[in-house]
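These are the residues of each chain, in order.
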Amino acid sequence: MSNPFEKSDRSYDVLVNEEGQYSLWPTGTAVPAGWETVLADRPREECLAYVEANWTDMRPRRLRSATA
């Protein structure tokens, strides 16, 4: 069985949660509670580039705030 999160021939969304953590999500799959779509229906490579450009600090938002 193949992993739907790793197929290069389908579209993905980029999700972000309240902690500022990002996830790739197959387009058309229900978005889990606590996550919102910030980039929709794009090729996997474009989504990966978006995440790389925008998720520059892997720490959860509350940890970043506590140590600022």
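Treat the numbers as computed from the prediction; the structure is a model and nothing was measured.

1. Describing the overall build of the chain
Across its full length, the chain holds two helices and three strands. Counted from the first residue to the last, the chain has its helices and strands arranged as β-β-β-α-α. With respect to the three principal axes, the spread of C-alpha positions in the chain is 40 × 25 × 20 Å. Looking at the chain residue by residue over its 68 residues, the buried ones come to 26%. A sequence separation of at least 24 residues applies to 42% of the contacts in the chain between residues at least 6 apart. Put simply, the chain shows about 4700 Å² of open surface, and 50% of that area lies on carbon and sulfur atoms. Across the chain, 8 positive and 11 negative side-chain charges occur, with their mean positions spaced 4 Å apart.

2. Here's the deal with the UniProt feature "domain: MbtH-like" (unreviewed entry) in the chain
In the numbering used here, UniProt assigns the feature "domain: MbtH-like" (unreviewed entry) to residues 3-53. Across residues 3-53, the secondary structure splits into 20% helix and 41% strand, with the terminal C-alpha atoms separated by 24 Å.

3. A closer look at the nonpolar core
Counting residues in each nonpolar core, the largest one holds nine residues, listed as Y12, V14, V16, Y22, L24, L39, C47, V51 and W55. At three residues, the largest contribution of residues to this core is made by strand β1 (residues 11-17). In contact with L39, not counting residues within four places along its chain, are Y12, D13, V14, E46, C47 and Y50.

4. Structural notes on the environment of S8
On the secondary structure map, S8 appears in the segment before β1. With relative accessibility at 63%, the residue S8 sits in the exposed group. Separated by 59 residues in the primary sequence, S8 and T67 have C-alpha atoms spaced 37 Å apart.

Rules used throughout
Residues numbered from 1 in each chain as written. Predicted model: local features only at pLDDT ≥ 70, side-chain atom pairs only at ≥ 80, totals over all residues. Heavy atoms only, no water. Helix = DSSP H or I, 4+ residues; strand = E, 2+ residues; numbered from the N terminus. Buried < 20%, exposed > 50% of the residue type's maximum accessible area, 1.4 Å probe, protein only. Contact = heavy atoms within 4.5 Å. Areas by Shrake-Rupley, 256 points an atom, 1.4 Å probe, with all protein chains shown as cover. Lys, Arg positive; Asp, Glu negative; His and termini not counted. Charge placed at Lys NZ, Arg CZ, Asp CG, Glu CD. UniProt positions renumbered as here; feature names shortened; annotations may be inferred. Core = buried A, V, L, I, M, F, W, Y, C linked by side-chain atoms within 4.5 Å.

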